[in-house]
Amino acid sequence: MDQPLTVETETLYRRRRVTCKGAKVGVVRWALHLHAVTSSTLQATAAAKFPTRRAAGDELRRAASCASSTRRWIQSWPRGKHFLFVRLVKSSERARLPFSYHAVPADVDAKEFEMIEAADFGSKSAQKPVQVPTKIESQAKFVSVAVIVTALLAVFTIFSIASTYDPSVLLSAMSSGASEFDEHHRYIIRNFDLAKPMSNFLPGLAGIWGVPMWAFYVNRGQGITSFGKFSKDSAIAKFVTAEKAYQQTPFTGFRTFIKGKRAGEETSFTHMPFFPRSAGEPVEKLERNMKIGSNDMVVEETARDLQLKTSVQYVIAPEQDFPALIRSITFTNLDGERALDLEVLDGLGRLVPNGLSNGNLDMMGRTMEAWMNVYNVGAASSTGAAVTQPFFHISQDTGDNAQVRLIKDGYFAVAYVDKNPDDSVEKDAAAHLDRDGQRTLLPFVVDPNLVYDLDTTLVNPSGFFAAQEDVAAFVQRPQGTTSRTPCAFAGAKLHLAPGASVTVTSIYGYAEDLQTLVGRYLPILRSPSYSDGKRAAAAAVVQSVTKKVATKTANPVFDAYVEQDYLDNVLRGGMPILLGPPGHEKVFHVFSRIHGDIERDYNYFIIDTTYFSQGPGNFRDVNQNRRLDVFHSPFVQDFNLRMFLSLVQADGFNPLTVASTVFKVPFEKIDDVLAEIQVVDADQAHTASNFVRDLLRRSFRPGQFFRDCNAANIRFAKPREEVVNSLVLHAVQDFAAKYEQNGFWVDHWTYTLDLLDNYLTVFPDREEFVLFDSEPVPFFMSPAYVRPRAARYSAEVNPDASSPHRQIVRSYHAVTAWGESDFSADRVAAMNAIFTDPNYIVDINGAANVWQRARNNHNAVVRVAAVAKLAMLTMLKFASLDPLGFGVEMEGGKPGWNDAMNGLPGLLGSGMPETYEMLRLLKYLDGALQRFRQRSVAFPCEFVDVFLGKLDRALTDYEQSAGRADPLDPFHRREFVYWDATNSAREAYRAAVVATFDGDMRVLSADVLQNYVGRMIRKVEEGVARALQTSAVPGVSPTYFYFDCTNFSAQPNAADASKPIVTPLSFDLRTLPLFLEGPTRQLKVLSTVEERKRVYDLVKASALYDAELRMFMLSASLAPMGQDVGRMKAFSPGWLENQSIWLHMSYKFYLELLRGGLYAEFFEEIQTGLVPFMDHERYGRSPLEAASFIVSSAFPDKRLHGVSYLARLSGSTAEFLSMWAIMMAGHAPFVVADDGALTLQLKPVLPGWLFDAETHEASFTFLGSVLVTYVNPAHVDTWTAAPVRAEVTLAADQRVVAVASGVLGAEWAQKVRGGAVAAVRLFFQ
């Protein structure tokens, strides 16, 4: 393969140099050829220079990007004043390549260009160069190499590739063995057991009517390291964290032990596929590949000396009533002449019986073994017998309680010879089916002592390999089935004809009891079509999700990344669906869960084992991952906006945990529901109906309702879809959340404006409705609140020994919670009243609709319009500015987005990111109030009378004091006085609403509100301007501050003499080093492209840029900071949040470049910063999957630079989808024209190189169902042009209608948004 080249362009006069790295010889040569070579020549060059078409495609893309940036640079020069030359240098040799070159001035005319183009620059044979015009010759003495293609390279690339490369081969296994994807679009890690350690997981998708299972895997052993149901405390294979999984999986995970004999040979052999290689063993002896799919994972091993291939596929079984993992292992005889006989033990090395928590196993594992049992084993434990349906669970709960709880539910394992692809169907059936037409079950060994004998390391299966009898007799030996951790190895004797394959399928899952397993589940599992059907269904489940964002460009890896990114986004934020009969549908989110895995071991994930499966998530995560819901599912409308506004409390904070919505049938409607769903009663006592009646009296989700009914064997005379419709029609649906924290994050509210922005992207004509007239939103109430300063400030020992002040003010106890001595008794009483309300809704995890009430309005829930909630939230945050008016204070005891700065709140920290977001909200409100000046807004009286009144006085005093400021202290004292007054305003308001609202409302006109907002904007912008002066890089926003306070008074505390009341008298500012979050959010509030470009340039020139990786780091060096800022300082530079490449934040930065109109800069940065364009081997995982962070060049171990960790499920998915939406549809696809009419103006931001070279098209799915195709014959960058005409395909009859404009008017816009249009084609000139 060619050595990497550096292409350098330089002007003789300016001595400026631009470097485009990554291009290779072949690509540059093709560029220099232009149209002087034929397609056949290009194909020959490709075959000679690149082992795969993917490699060639990548190089063409890099070259096009390089040429594009170079062309823009050249075009900015004065014509006729400069030259360019190109120097091509091998990175390893820096030797001149054997090309012919000509010097070309940038203002060469067309005729001269044609003459130059005729030269054969690519010939290696000695040819006389074409004579160049005199004008050029006279200038050639000053240069060594000519660039004649910079202005046309992009065009050349597009047209030459059309005859040479089919982009679809990037996801095809039809090319050579070096292809990165197989025929099923699975990413291949070659010799995965020798690759960088990597963890991942199956998505746990079982479909709407399926019950999921979680499964984690690593690239060691046979992959799967742990799996189970519901949470890590219900593991079948024990949940272990990543560092243990890499070590243990080859031993305790799935194992395969083979005793084989080749036809015609005297001796037999033993083999353990996927077992760790021996020291010094030649790599080529075993070829091991891991294939990562969107809903399956495959490991393959080829043992060349044995002529044996072993392939294992894992998939979660979808669309069934119980969770299960399907594992199919296929043995292939690679010898085309000799048969192969195998005796196999295959299965799970250690299986945890149901009923044991992960904590008990870790802390009392040996003791817990006393509870372990394997049931349904017959005489296996005494005289020996075949165990074909083992059932694993403990006998009773392990708690030390007076009431003993028996455990009857458990885990099962079954296996059978599934198929031999080389046999006929009839022969296959005769060999592997019972008389009842069901698969014949294989016997299991559940006693590890039988397999390993006394080898407790689990390295060698000494017992099996030393056995003299065949495997059929071996598995019927007596087995120990109690008081030990069992295994689950299926035994099989297999015959493989020359070239033949045999598959053994095993299924591991959960059943409510043994009777349910045998009577209901086994007939399903043993069906001859079961495994194939479930594999196909698993693929279909994923496709049903990802079809909403199906994309097709010239880069299939990018397209596949879009779909995988959306899938992972759904797994964290949920996928919206509609439940209920037509006209009465309600939005419900499925498939979501908190992002816990073997690397994110700190999170306790929950995946409901129900239909419509979902799990709780964090407020910030779910909020941002639902950002684009309306874009791909317009039926969501304002659902998410109302949900997250509802969860904002009266004090402006919010609970941590949010759940999917919960339902409850009003008492008076229960009989109507029972009549509609038609419960089947088997007795005259109506036992079944009474059971369902009791269920309906409680809160429920549809999946939970069916799970409870299935467990009680309840049946309905109506189809389950109609049962759901009846439930949803009559039930009340409400939002639910739970306070599960010891403080309130300062940033969670900042993502809600994005929900409104996304809503207005699709429904700009409904802005007034959503703000003023949509369903009003309540106020959540947590069993905790922020203490006033007098209670949360304390005098602590000053850690600075050199300071003359021995004490310093800190805030280590910011929040009081239920049960603490200073927690409000009135709040306790108010919340108890909510808990006993008939309308109170709570789920099994404690998430509930805890809405604050009004004491003078019959205890009614207080609700306000969305615009009122937004205004209250914004103004409360405005009043939370720090003592210098810079950042928003972290008064709730928690930091912002960067959780690893956990120490900052205690140091009286504040953050600029929240200031910028608050400024965004203020500016939005200012515009909205101007647009709807005729409207008024109602607020709770406490907000207006107490808070706004005091805030107005503080702001007025601040404004009037501008001329009276001390010239020696122009800001600090004035700002301190204002800070003290605004804190007092907040504290007085919070005290007034600590338990209930009064119930009275105050109405303010839009003009009055706009006046407040305008004054606040001016105050914030003044603070931002001063904050920028404190930055290490002037013009680049700082991110974090904290305030030292050694000047304070201490007064006796009547409530607690040991804790004096501390009152700060002044503060000293401390500015932290640069963080990427500050300038990223700063970009959001800058007004012009020029301002944004300046910030971008400054950031790229700062310590935030990793020049080695060409990516942006989360922070600059934190070396100057003390450990007290948070755990970030505990991490090594380059690792986790300390100076690493944190993809979520770098993606945020790229998104703001795109939003800000810096298109060239955006497409330049994503060439190295977006996952599908990265060096995948260095990245260390599939190019279709984002990780949380990449080790930066600041990390001491250079071997890890560029390696990714913490797989998937991060906020980066939301940021990328926002990029994708702008790239494909533009910033504002739906626009309200001046006459008030809705129009559809799709203005994509796509570079020419993303259009298919042959069809000149790029397409995507708009609004989840409309296929939009752009036709761009000239491959122009679309932000420089606009569509000139369109073709619209109607959904009803597929009729195509031509539209003479690239802008679709009101009628078409409404039809597209309403689902009446199936496709739109837009044509660029």
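Structure report, in brief. (Residues numbered from 1 in each chain as written. Predicted model: local features only at pLDDT ≥ 70, side-chain atom pairs only at ≥ 80, totals over all residues. Heavy atoms only, no water.)

**What about the overall build of the protein?**
Okay, step 1: Across its full length, the protein carries 38 helices and 52 strands.
Okay, step 2: Taking all 1325 residues of the protein together, the buried fraction comes to 62%.
Okay, step 3: Restricting to contacts in the protein with at least 6 residues of sequence separation, those with at least 24 account for 72%.
Okay, step 4: Counting every atom, the protein has about 49300 Å² of accessible surface; 52% of that belongs to carbon and sulfur. (Helix = DSSP H or I, 4+ residues; strand = E, 2+ residues; numbered from the N terminus. Buried < 20%, exposed > 50% of the residue type's maximum accessible area, 1.4 Å probe, protein only. Contact = heavy atoms within 4.5 Å. Areas by Shrake-Rupley, 256 points an atom, 1.4 Å probe, with all protein chains shown as cover.)

**What about the pattern of salt bridges?**
Okay, step 1: Applying the stated rule across the entire model yields 82 salt bridges.
Okay, step 2: Arg810 is the salt-bridge partner of Asp1044, the closest N and O atoms lying 3.7 Å from each other. Of the two residues, Asp1044 is situated in strand E37 (residues 1040-1044) and Arg810 in strand E31 (residues 807-810); the sequence distance between them amounts to 234 residues. Of the two residues examined, Asp1044 and Arg810, each falls in the buried class.
Okay, step 3: Between Glu891 and Arg986 there is a salt bridge; the shortest N-O distance is 3.0 Å. With Glu891 in the loop between strand E33 (888-889) and strand E34 (909-911) and Arg986 in helix H30 (residues 972-992), this pair connects stretches of sequence that are 95 residues apart.
Okay, step 4: Judged by relative accessible area, Arg986 falls into the buried class, the value being 1%.
Okay, step 5: Ionic contacts of the salt-bridge type, sharing partners, join the residues Arg627, Asp754, Asp757, Glu917, Arg920, Glu1077, Arg1081, Lys1084, Lys1148 and Glu1215 into one network. (Salt bridge = Lys/Arg side-chain N within 4 Å of Asp/Glu carboxyl O.)

**Considering the sheet that holds strand E26 (residues 617-618)**
Okay, step 1: Ordered by their spatial adjacency, three strands build an open sheet running E26-E27-E28, and the pairing between neighbours is antiparallel. In this open sheet, the two strands that pair with only one neighbour each are E26 and strand E28 (732-738).
Okay, step 2: Sheet analysis places strand E27 (residues 657-664) next to E28, joined by six bridges and oriented antiparallel. For Lys664, the partnering residue across the bridge sits in E28 and is Val732.
Okay, step 3: Set on the sheet, helix H18 (residues 639-646) makes contact with E27 and E28; between it and E28 the angle comes to about 50 degrees. (Pairing = 2+ DSSP bridges. Axes fitted to C-alpha atoms, helices over the stretch in contact; angles between N-to-C directions.)

**Describing the nonpolar core**
Okay, step 1: Of all hydrophobic cores here, the largest spans 334 residues; its most connected members are Phe227, Phe705 and Phe1262.
Okay, step 2: Sequence-distant contacts of Phe705, that is, excluding residues within four places in its chain, are made with Ile677, Val692, Leu695, Leu696, Phe700, Phe716, Val723 and Leu727. (Core = buried A, V, L, I, M, F, W, Y, C linked by side-chain atoms within 4.5 Å.)

**As for the side chain of Ser1188**
Okay, step 1: With respect to the helices and strands, the residue Ser1188 is situated in strand E44 (residues 1187-1190).
Okay, step 2: A polar atom in the side chain of Ser1188 sits 2.7 Å from the side chain of Arg600.
Okay, step 3: Among residues more than four places away in sequence, those in contact with Ser1188 are Arg600, Ile1141, Trp1142, Leu1143, His1144, Tyr1205, Leu1206 and Ser1210. (Polar contact = N/O pair within 3.5 Å; in protein donor to acceptor, adjacent residues only side chain to side chain.)

**What to know about the sheet that holds strand E52 (residues 1317-1324)**
Okay, step 1: Spatially, six strands are ordered E23-E48-E49-E52-E50-E51 in an open sheet, and the strand pairing comes out mixed. The outermost strands of the open sheet, each flanked by one partner alone, are strand E23 (551-552) and strand E51 (1296-1299).
Okay, step 2: With five bridges joining them, strand E49 (residues 1266-1271) and E52 adopt parallel strand pairing. Paired with Leu1267 across the strands is Ala1319, a residue of E52.
Okay, step 3: Each of E23, strand E48 (1257-1262) and E49 touches helix H37 (residues 1212-1225); the most contacted strand, E48, lies at about 120 degrees to it.

**Regarding the packing of helix H32 (residues 1077-1085) against helix H33 (residues 1089-1100)**
Okay, step 1: Packing of H32 against H33 brings their axes to within 10 Å, and their N-to-C directions diverge by 170 degrees. Between H32 and H33, the angle is such that the two are roughly antiparallel. Along its contact with H32, which presents Pro1079, Gln1082 and Leu1083, the element H33 presents Arg1092, Val1095 and Val1099.
Okay, step 2: For the contact of H32 with H33, the class distribution of residues is four nonpolar, one polar and one charged. (Parallel < 35°, antiparallel > 145°, perpendicular 65-115°, else oblique. Nonpolar A, V, L, I, M, F, W, Y, C, P; charged D, E, K, R; others polar.)

**Concerning the packing of helix H29 (residues 941-960) against H30**
Okay, step 1: Across the interface, H29 lies against H30 with an axial gap of 9 Å and an inter-helix angle of 175 degrees. Relative to H30, the element H29 is oriented roughly antiparallel. Residues Glu942, Phe943, Val946, Phe947, Lys950, Leu951, Ala954, Leu955, Tyr958 and Glu959 of H29 form the contact with H30, whose own contacting residues are Arg974, Glu975, Tyr978, Ala981, Thr982, Ser984, Ala985, Arg986, Ala988, Tyr989 and Ala992.
Okay, step 2: Here the residues of the contact of H29 with H30 are counted per class, giving 13 nonpolar, two polar and six charged.

**Considering the packing of aromatic side chains**
Okay, step 1: Summed over all chains, the structure comprises 82 aromatic pairs.
Okay, step 2: Ring centres of Phe257 and Phe465 lie 6.3 Å apart, and the angle between their planes is 80 degrees; this geometry places the pair in the edge-to-face category. Of this pair, Phe257 sits in strand E10 (residues 254-262) while Phe465 is found in helix H11 (residues 462-465), placing the two residues 208 residues apart along the sequence.
Okay, step 3: Owing to a relative accessible area of 24%, Phe465 belongs among the partly exposed residues under this scheme.
Okay, step 4: When the ring of Phe558 is compared with that of Phe1173, the centres are 6.1 Å apart and the planes differ by 5 degrees; the resulting orientation is stacked. With Phe558 in helix H15 (residues 556-573) and Phe1173 in the loop between helix H35 (1159-1169) and helix H36 (1176-1179), this residue pair connects regions lying 615 residues apart in the sequence. Exposure class is identical for Phe558 and Phe1173. Each is buried.
Okay, step 5: Within the aromatic cluster, the residues linked to one another by ring pairs are Trp209, Phe588, Tyr611, Phe612, Phe663, Phe700, Phe705, Phe706 and Phe716.
Okay, step 6: Here the guanidinium or amino end of Lys1019 rests over the ring plane of Tyr958, the centre of that ring lying 4.6 Å away. (Phe/Tyr/Trp six-rings, centres within 6.5 Å; stacked < 30°, edge-to-face > 60°. Lys NZ or Arg CZ within 6 Å of the ring centre and 35° of its normal.)

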